[in-house]
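Here are the chains, one letter per residue:
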Amino acid sequence: MLTLWVVLSAFVVVGHRGDPLNAPEETLASFDSAFKNGADYVELDLHVSQDNVLVVSHDRNLARITGHDAIVSQTPWAQIKTFKQANSEPMHSLDEIFAYYQKRPETKFLIETKKTKKGNPKNMEDLLVASIQRYGMGNRVMFHSFSLISLQNLKKSLPQVPRIFIAGTLKKINFEVLQTSTGINISSELVDAKLIRQLHGLGQKVYVWAQMTEHSSQWNWLVNLPIDGVVTNYPRTGNLYRNQKLDAKIKKADFTGALVTAKPRTSYENPYNLNLIKANATPLTSYHAQNYVISQGIPYYQIGSNRFIEAAGFNSATALPLTQLYLQQSFYLPATSHQRQLADNPFAPRPTGRYLQVDQRYQITAVQLNNTTLWFQVAGGWIRAQLGLTLFTPGSQAAALYQRLPAKDKLAIPYWPARFSWQAQPTPPGRGLQLTRNRLRLLLAQIK
């Protein structure tokens, strides 16, 4: 059912133009803020000045960020560097950025080359490679671009540096791109789990970009995908989600099952933020488990692309005939026994500090078969079925079904009070059992 632990959680956080909501984009202040808030990389854009200096700017015209109506390629660097940005920082060259961060090895850069459809400026890649080599930044950079020509040039010059193709549309991802790139940067509007699996199968890492907000549902959906990186205007939020996911343990799961619980269970958009509640999961309804996640000590199953439930009480279809019959029966510690401490869950049980008392009945509100060990949920926590007795309602379908189980499948210890006889009830012989079998058959058919 479950495989070995796998790494689904780590993804790279890239501050898009730094941390643009806390400081003007692509300034040292913006980059510093992004790194401080947990970004692994900062993204910056390059244009070439009239005199062949690599200028850090998203726009070819500097009017928006400096107030000067100047085209980078038509303006000498000596003039550009006098232009001030909103925080009074001057415009920066790539050499200046590298010199500033050269002695901070933890700082890394995703560099976008801005080129025309005809591949101009022709010398951009040569200038970029020279700057990287001048400052020894070869192991601290990645390239990404809409320009396949630019990535092809960089592959020839620095083949060891990752090259990420920015795909505004899936139609742009073709054989030629895949021969050149080591990764694809895709809009969050286009990406889904199937596409990511396909690109991973082709040897491509998958990065996602979007202008997300601190409270956007995009984050709560995106964090559940097996992405390799995210390019975001909110590096702090990206780092928060990444760290929460890194702290979790994740296994692949691939089975269909159902909740064996007395009541519906809350489901969540992800197990890292339980304030984000989805629709309830209904007992004895078919759901497909995709991943098994332990977050903050609590195990969950992923039952949809953006839907999780606590794993306790969720049983595989094959386990349903062995678990459903105990639901809403009673668990009992006889007077000859002693009190038993409850656990918080049946998968990685931890003591709750609460105890079951002897000679008292406790209703079973959920059932879990964990390997070959049967667990019951009662008020206050979970208890192994073998630590006490199970009282079946006399004459009930559950009692009849238990009696007919093979000995190896009778995982609980029954208790039949002498004053009751389940066989003596007015239910016609075999009728209750047949109803239960029919109900189970229908449920299993639905799940299959």
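Residues numbered from 1 in each chain as written. Predicted model: local features only at pLDDT ≥ 70, side-chain atom pairs only at ≥ 80, totals over all residues. Heavy atoms only, no water.

Chemist: So what about the overall build of the protein chain? Which residues, and what values?
Modeler: Helix and strand counts for the protein chain come out as 13 helices and 26 strands. Contacts spanning at least 24 positions in sequence make up 60% of the contacts within the protein chain whose residues lie at least 6 apart. (Helix = DSSP H or I, 4+ residues; strand = E, 2+ residues; numbered from the N terminus. Contact = heavy atoms within 4.5 Å.)

Chemist: Describe the nonpolar core, naming the residues involved and giving the relevant values.
Modeler: Of all hydrophobic cores here, the largest spans 57 residues; its most connected members are Leu-44, Phe-98, Phe-109, Ile-111, Leu-128, Val-141 and Phe-143. Val-141 has contacts with Tyr-41, Phe-98, Phe-109, Ile-111, Ile-132, Val-161 and Pro-162, leaving out every residue within four places of it along the chain. Within the second largest apolar cluster, 29 residues are counted, among which are Leu-325, Tyr-326, Leu-369 and Phe-376. (Core = buried A, V, L, I, M, F, W, Y, C linked by side-chain atoms within 4.5 Å. Buried < 20%, exposed > 50% of the residue type's maximum accessible area, 1.4 Å probe, protein only.)

Chemist: I'd like a description of the layout of surface pockets, backed by residues and values.
Modeler: In this structure, the largest pocket occupies an estimated 650 Å³ of space. Grouping the amino acids of the lining of the largest pocket by side-chain chemistry returns 11 nonpolar, 8 polar and 6 charged. (1 Å grid on protein atoms, 1.4 Å probe; cavity = no way out; pocket = protein on both sides within 12 Å on 5 of 7 lines; lining within 4 Å. Points joined across faces, edges and corners; volume = space filled by probe spheres on them. Nonpolar A, V, L, I, M, F, W, Y, C, P; charged D, E, K, R; others polar.)

Chemist: Requested: an account of helix H5 (residues 124–134), with residues and values cited.
Modeler: Buried within H5 we find Met-124, Glu-125, Leu-128, Val-129, Ser-131 and Ile-132. Buried residues along H5 cover an arc of 165° about the axis, so they all sit on one side. Opposite the buried face of H5, by more than 90 degrees, sit the exposed residues Asp-126 and Gln-133. Residues of H5 that are buried in the fold lie against strand E3 (41–48), strand E4 (54–56), helix H4 (94–101), strand E5 (108–113), strand E6 (141–145) and helix H6 (148–157). Gly-136 lies just past H5 and shows a positive phi near 60°. (Arc of directions from axis to C-beta.)

Chemist: Go over the pattern of salt bridges, please, and point to the residues and values.
Modeler: Applying the stated criterion across every chain yields a total of 12 salt bridges. Between Lys-408 and Asp-409 there is a salt bridge, with the nearest N and O atoms lying 3.3 Å from each other. Lys-408 gets classed as exposed once you look at its relative accessible area, which sits at 63%. (Salt bridge = Lys/Arg side-chain N within 4 Å of Asp/Glu carboxyl O.)

Chemist: Mind laying out the pairing of strand E24 (residues 381–384), listing which residues take part and the relevant values?
Modeler: Pairing analysis gives 4 bridges linking strand E23 (residues 373–378) to E24, with the strands arranged antiparallel. Its bridge partner being in E24, Val-378 is matched across the sheet by Gly-381. Hairpin remark: E23 followed by E24, antiparallel, with 2 residues in the connecting loop; positive phi at Gly-380, about 105°. (Pairing = 2+ DSSP bridges.)

Chemist: Please give an account of unusual backbone geometry that cites residues and values.
Modeler: Of note, the bond from Asn-120 into Pro-121 is cis; its omega dihedral lies within 30 degrees of zero at -5°. Along the chain, the position of Pro-121 falls in the loop between E5 and H5. The backbone of Ser-88 sits at a positive phi, close to 75°, despite the residue not being glycine. In this fold, Ser-88 is placed in the loop between helix H3 (77–80) and H4. Judged by relative accessible area, which is 52%, Ser-88 ranks as exposed. Within the chain, Leu-284 stands out as a residue other than glycine whose phi angle is a positive 55°. Residue position: Leu-284 is located in the loop between strand E13 (277–281) and strand E14 (287–295). We classify Leu-284 as buried; its relative accessible area is 18%.

Chemist: Just give me the short version of the sheet that holds strand E25 (residues 389–391), but keep the residues and values in it.
Modeler: Reading across the sheet, the 4 strands line up as E21-E18-E25-E26 and stay open at both edges, with mixed pairing between neighbours. Two strands close off the open sheet at either side, each with one partner strand: strand E21 (361–363) and strand E26 (414–415). Pairing of strand E18 (residues 330–332) with E25 involves 3 bridges; the strand directions are antiparallel. Bridge pairing in E25 links Tyr-332 to Leu-389.

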